[in-house]
Amino acid sequence: MSASALIALLAALEVVQATTPAPEAEPPIDGVAEHRAWLAEQGLLANRPRLVPGQTAAFALATERHCGVTPGSLLTVDPATGALSFAGGDGVQGLDRFLCVFAVLNVAVAEDQAPDRDAAE
């Protein structure tokens, strides 16, 4: 292919690209809204445990109980730092229980320490 033919081809491609509309961007997924909706469908939103600063261990225990998980089987809290981590979940029976814990955590992190948290409920 000659240089002039290549230039013409490239110019044609640029025209096509310039006149082709960009694909519609997908709206961002609102994970908190999805988790709130899932908890509401299960009847678990209104009475979900609240994350209170300095009470992470109590929150972890309440979350597991709220979701029907044996306390300590999914969540652990470092007594020195108060950091919440996952214990592995080997004893968790059922995907819904596992999803419940993650949904409660997601909603709590997003909403419980916000100034307008009472408006979210």
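So, here is what we can say about the structure in this document. (Residues numbered from 1 in each chain as written. Predicted model: local features only at pLDDT ≥ 70, side-chain atom pairs only at ≥ 80, totals over all residues. Heavy atoms only, no water.)

1. Examining the overall build of the protein chain
A count of helical and extended segments in the protein chain gives five helices and two strands. Out of the 121 residues in the protein chain, the part that is buried amounts to 25%. Considering only contacts in the protein chain between residues 6 or more positions apart, those separated by 24 or more positions represent 52%. (Helix = DSSP H or I, 4+ residues; strand = E, 2+ residues; numbered from the N terminus. Buried < 20%, exposed > 50% of the residue type's maximum accessible area, 1.4 Å probe, protein only. Contact = heavy atoms within 4.5 Å.)

2. Some details on the side chain of S73
Take S73: it is sitting in the loop between helix 3 (56-66) and strand 1 (75-77). A distance of 2.6 Å separates the side chain of S73 from the backbone oxygen of T70, its partner in a polar contact. (Polar contact = N/O pair within 3.5 Å; in protein donor to acceptor, adjacent residues only side chain to side chain.)

3. Some details on the nonpolar core
Counting residues in hydrophobic clusters, the biggest one holds 18 residues, and the most contacted among them are L39, F59, C67, C100, V101 and V104. Those elements giving two or more residues to this core turn out to be helix 2 (31-41), helix 3 and helix 4 (95-111). Among the elements that take part in this core, helix 4 stands out by supplying seven residues, more than any other. Sequence-distant contacts of V101, defined by excluding residues within four places in its chain, comprise T63, C67, V69, L74 and L75. (Core = buried A, V, L, I, M, F, W, Y, C linked by side-chain atoms within 4.5 Å.)

4. Quick notes on the environment of A58
Mapped onto the elements of the fold, A58 is located in helix 3. Residue class for A58 comes out partly exposed when judged on its relative accessible area of 46%.

5. A few points about the pattern of salt bridges
The final tally for this structure, using the stated rule, is four salt bridges. The partner of E111 in a salt bridge is R36, and the shortest N-O contact between them spans 2.9 Å. Linking E111 in helix 4 with R36 in helix 2, this pair joins segments that are 75 residues apart in sequence. According to the relative accessible area criterion, E111 is buried, its value standing at 11%. Across the pair R48 and E111 runs a salt bridge, and its minimum N-O distance is 3.7 Å. Taken together, the residues R48 in the loop between helix 2 and helix 3 and E111 in helix 4 connect sequence positions 63 residues apart. Look at the salt bridges and you will find they share partners, linking R36, R48, R50, E111 and D112 into a network. (Salt bridge = Lys/Arg side-chain N within 4 Å of Asp/Glu carboxyl O.)

6. Describing the state of the cysteines
A disulfide bridge is the covalent bond that connects two cysteines by way of their sulfur atoms. Per the stated rule, a full pass over the model turns up one disulfide. Covalently, C67 is tied to C100 through a disulfide, its sulfur atoms 2.0 Å apart. In this structure, the disulfide formed by C67 and C100 twists by about -65° around the S-S bond and is classed as left-handed. Of the two residues, C67 sits in the loop between helix 3 and strand 1 while C100 sits in helix 4, which places them 33 residues apart along the sequence. (Disulfide = S-S within 2.5 Å.)

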